[in-house]
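Single-letter residue listing:
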Amino acid sequence: AEASHNRYNSLYESAPIAYLSLTEDGAIAAINPTCAALLGEDRESLLQTRFARFVAAEEQDQWQKYLLDSWQRREKQSLALSLRRPDGVAIDVLVETQGADAAGRVPTLCLALIVITKYEQLLAELRSSEERLQIAKSAAKLGINDHNLITGQVVWDERMRDIWGIRPDEPTSY
């Protein structure tokens, strides 16, 4: 049992994923070094402080509802959340909880924080690119067809169908 505990502890301490446990009032009960580094503070100074202080102001209500729900439902849940470190750095994370653990003296809620900042940036760039494409397509009065080379499916947008005189319910194959 001790060897198993030591392996678990070693994994927790050296994991590349940020892990932490919260008490029922939202205070940090345990935190691994990866999570402390992510939050930009010394690990020991984070213990017994409220995690909510890192949640972006505009997402506090959403965080509180998620936290309450996680305590009540005790099943795996996820939430995309923006954090703000004390140095002002913004970090987008996916928070995953696996329900409350009442095995210890004090019940705790275990969380994993997965950084998704780059994903969110790429998604915003993609949305912007799609908006610019729609503006250009509209201004040039162009239609677009999409030919999936794997399935052979051809999809025409409304403008392309108008240009070629094809009704919306007619299939296209070219």
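What comes next is a walk through the structure. Remember, it's a predicted structure, so these values are computed and weren't measured experimentally.

**Looking at the environment of Asn145**
Then step 1. If you trace the backbone, Asn145 turns up in strand S6 (residues 145-147).
Then step 2. The partly exposed category is assigned to Asn145, whose relative accessible area is 34%.
Then step 3. For the pair Asn145 and Glu44, spaced 101 residues apart in the sequence, the C-alpha separation amounts to 58 Å.

**Some remarks on the side chain of Thr23**
Then step 1. Tracing the chain through its elements places Thr23 in the loop between strand S1 (18-22) and strand S2 (28-31).
Then step 2. Polar contacts involving the side chain of Thr23 include one to the side chain of Asp25, which spans 2.3 Å.

**A few points about helix H4 (residues 60-73)**
Then step 1. Between the first and last C-alpha of H4 there are 20 Å, a value that for 14 residues agrees with the 20 Å anticipated at 1.5 Å per step.
Then step 2. Every buried residue of H4 is listed here: Trp63, Tyr66, Leu67, Ser70 and Trp71. Looking straight down H4, one finds its buried side chains confined to an arc of 130 degrees; they lie on one side. Across from the buried face of H4, at angles greater than 90 degrees, the exposed residues are Asp61, Lys65 and Gln72.

**Notes on helix H5 (residues 117-140)**
Each turn of an α-helix holds 3.6 residues, which means side chains three or four residues apart point in the same direction.
Then step 1. Helix length check: H5, at 24 residues, gives a terminal C-alpha distance of 35 Å against a target of 34 Å (1.5 Å per residue), a fit within 8%.
Then step 2. At the C-terminal side of H5, Lys141 shows a positive phi close to 55 degrees.

**Some remarks on the environment of Phe54**
Then step 1. By the element assignment, Phe54 lies in the loop between helix H3 (43-46) and H4.
Then step 2. Using a relative accessible area of 1% as the deciding quantity, one classes Phe54 as buried.
Then step 3. The sequence separation of Phe54 and Glu131 amounts to 77 residues, and the corresponding C-alpha distance is 33 Å.
Then step 4. Those residues in contact with Phe54, other than ones at most four positions away along the chain, are Leu39, Glu41, Leu46, Ser82, Leu83, Arg84, Arg85 and Pro86.

**Quick word on unusual backbone geometry**
Then step 1. At Gln48, a residue that is not glycine, the phi angle is positive and equals roughly 70 degrees.
Then step 2. Secondary-structure assignment places Gln48 in the loop between H3 and H4.
Then step 3. You can call Gln48 exposed: its relative accessible area is 57%.
Then step 4. Positioned with a positive phi, Lys141 is a non-glycine residue whose angle comes to about 55 degrees.
Then step 5. Within the secondary structure layout, Lys141 lies in the loop between H5 and S6.

So, how was this worked out
Residues numbered from 1 in each chain as written. Predicted model: local features only at pLDDT ≥ 70, side-chain atom pairs only at ≥ 80, totals over all residues. Heavy atoms only, no water. Helix = DSSP H or I, 4+ residues; strand = E, 2+ residues; numbered from the N terminus. Buried < 20%, exposed > 50% of the residue type's maximum accessible area, 1.4 Å probe, protein only. Polar contact = N/O pair within 3.5 Å; in protein donor to acceptor, adjacent residues only side chain to side chain. Expected span 1.5 Å × (residues − 1). Arc of directions from axis to C-beta. Contact = heavy atoms within 4.5 Å.

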